[in-house]
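The residues making up each chain are set out below.
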Amino acid sequence: MKLSEFKLIELLAKKLPTLPPEVTVGIGDDTAVIKKDEGYLLLTSDALVEGSHFLKEWKEKLNNFYYYLGRKLLSISLSDIASMGGIPEYAIVNIGLSEKTETEEMEELYEGLADCCREFSVTVVGGDTVSSKTEFFDVTLTGKCKNFMLRSEAKPGELVAVTGTFGDSRAGLEILKGKGKEDNYLLERFLNPIPRVKEGVEARNLGVKCGTDVSDGLVFNLYTIANSSNVSIHIEGEKIPISRELLNFVGNSEIALNYALFGGEDYELIITLPENLQDKVESLGFKVIGEVKEGTGVFLDGERLPEKGYDHFKT
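As the structure is a computational prediction, the values presented were derived from the model and not from experiment.

Conventions adopted
- Residues numbered from 1 in each chain as written.
- Predicted model: local features only at pLDDT ≥ 70, side-chain atom pairs only at ≥ 80, totals over all residues.
- Heavy atoms only, no water.
- Core = buried A, V, L, I, M, F, W, Y, C linked by side-chain atoms within 4.5 Å.
- Buried < 20%, exposed > 50% of the residue type's maximum accessible area, 1.4 Å probe, protein only.
- Helix = DSSP H or I, 4+ residues; strand = E, 2+ residues; numbered from the N terminus.
- Domains from an automatic or database assignment.
- Contact = heavy atoms within 4.5 Å.
- Salt bridge = Lys/Arg side-chain N within 4 Å of Asp/Glu carboxyl O.
- Phe/Tyr/Trp six-rings, centres within 6.5 Å; stacked < 30°, edge-to-face > 60°.
- UniProt positions renumbered as here; feature names shortened; annotations may be inferred.
- Pairing = 2+ DSSP bridges.
- Axes fitted to C-alpha atoms, helices over the stretch in contact; angles between N-to-C directions.

Participant: Would you mind showing me how to read the nonpolar core here?
Facilitator: As a rule of thumb, soluble globular proteins bury nonpolar side chains together. One finds Leu74, Phe137 and Ile271 to be the most contacted residues of the largest nonpolar core, which totals 62 residues. No other element matches the 11 residues that helix α2 (residues 65-83) contributes to this core. The residues that make up this core include at least three from each of domain 1 (17-145) and domain 2 (151-304). Those residues in contact with Leu74 that sit more than four places away from it in its chain are Leu113, Cys116, Cys117, Val122, Val139 and Leu141. One finds Val219, Leu222, Ala260 and Ile270 within the second-largest nonpolar core, a separate group that totals 26 residues.

Structure (structure tokens):
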């Protein structure tokens, strides 16, 4: 595959019919946004594919591996809804099962899925089950909101803030691949990300207009804001949230910062906000890491960063 994941999406989108007027946001943000009655319907879809997102052999390292896989399947779409400031509602789940799939594994997967549904008040209303050479699990999730956040609404003079810590998920993935000392916290961060639904709704209620989630790496997703909003983003290295567990895992603060900047699948939120909202946003659990300026690009301590992150077709 010569094109990157996002360039391919851009190319294929041009083949599709023109969007009808009720589609407020189509391809190009974390979810689609469709006008409905006095509010908006949010719509997103994600997949976990054997060989791309997980390896079946990992269950030998974790007895409850498929339970976590079921939770993660829903959580990654919940993160999309959270990034728009929405409230999740209904899900459709499709699963592809191989000759190696065991009934007990699917029972475990659906236990994890069900627990996550209960925690975030999501109802599974249907789906499909098919035979496949490799296992895959797909979820389509709807949400609702009165107003929403977009990647394209960042303004010069605003602050940049994030939830959580970064780089933990990459370390958890490396542990599953047999690299480094095992750490349950880091494994959990990869297998069981916490969707920041509450934080997204509260930020949107405060009047925050720009947000996205971090699925492809902090720097890459900062670039999605910068490029969509036609601005530059400037962050400070000492302000990037890094966990003690990650520091212990890599043993070096410089390496830990690299993990935090370019590691994928953290599923935290990024927002931009007017300075007068800083205290209120920080009370929600966000941490300010930089600011929005005129220009283009993403900069760390004054140095322009490469626009790179996790890409399914280059990894």
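Participant: Help me understand the pattern of salt bridges in this model?
Facilitator: Between side chains of opposite charge, a pair can form when the charged atoms approach closely. Here the structure, examined in full by the defined rule, presents 18 salt bridges. As a salt-bridge pair, Arg151 and Asp30 come within 3.1 Å of each other at their nearest N and O atoms. With Arg151 in the loop between β6 (136-145) and β7 (159-162) and Asp30 in the loop between β1 (23-25) and β2 (32-36), the pair connects residues that are 121 residues apart, well separated along the chain. Taken as a pair, Arg151 and Asp30 share a single burial class, namely buried. Put simply, Glu291 and Lys293 hold a salt bridge, and the shortest N to O gap is 3.9 Å. According to the relative accessible area criterion, Glu291 is partly exposed, its value standing at 33%.

Participant: Just to check I follow, could you spell out the environment of Pro274 for this structure?
Facilitator: Along the chain, Pro274 falls in the loop between β10 (269-273) and α10 (278-283). Classification of Pro274 by relative accessible area gives partly exposed; the value is 32%. A C-alpha to C-alpha distance of 39 Å links Pro274 and Val125, two positions 149 residues apart in sequence.

Participant: Even after reading the chapter, I still don't get the packing of aromatic side chains, so can you show me in this structure?
Facilitator: Any two aromatic rings considered together are summarised by their centre-to-centre distance and by the angle between their planes. What the rule picks out here adds up to seven aromatic pairs. Arranged with centres 6.0 Å apart and planes meeting at 75°, the rings of Trp58 and Phe190 form a pair that is edge-to-face. Taken together, the residues span a long stretch of sequence, with Trp58 in the loop between β3 (39-49) and α2 and Phe190 in helix α5 (residues 184-191) at a distance of 132 residues. Ring geometry for Phe65 versus Tyr66: centroids 5.4 Å apart, planes at 80°, classification edge-to-face. Considered together, Phe65 and Tyr66 belong to a single accessibility category, that of buried residues. Members of the aromatic cluster, connected to one another through ring pairs, are Phe54, Trp58, Phe65, Tyr66, Phe137 and Phe190.

Participant: Got a minute to help me understand the UniProt feature "binding site: ATP" (unreviewed entry) in the protein chain in this structure?
Facilitator: Residues given the UniProt feature "binding site: ATP" (unreviewed entry) here are Tyr110, Gly127, Asp128, Arg151 and Ser215. Maximum C-alpha separation among the annotated residues is 32.5 Å over a sequence range of 106 residues, too wide for a single clustered spot. Mapped onto the elements of the fold, Gly127 is located in strand β5 (residues 123-131). You can call Gly127 exposed: its relative accessible area is 51%. Since its relative accessible area comes to 43%, Asp128 is described here as partly exposed. With sequence-adjacent residues up to four places away left out, Asp128 is seen in contact with Val93, Asn94 and Ile95.

Participant: Is there a simple way to explain the sheet that holds strand β8 (residues 210-213) in this structure?
Facilitator: In sheet architecture, strand pairing relies on hydrogen bonds along the backbone and comes in two forms, parallel and antiparallel. Taken in spatial order, the seven strands of this open sheet run β8-β10-β7-β11-β9-β12-β13, and their pairing is mixed. This sheet does not close on itself; its edge strands, each paired only once, are β8 and β13 (303-304). For β8 and β10, the ladder comprises four bridges, and the chain directions are antiparallel. Residue pairing in the sheet places Thr212 in a bridge with Ile270 of β10. Sitting on the sheet, α2 touches β8 and β10, and the angle it makes with β8 is about 170°.

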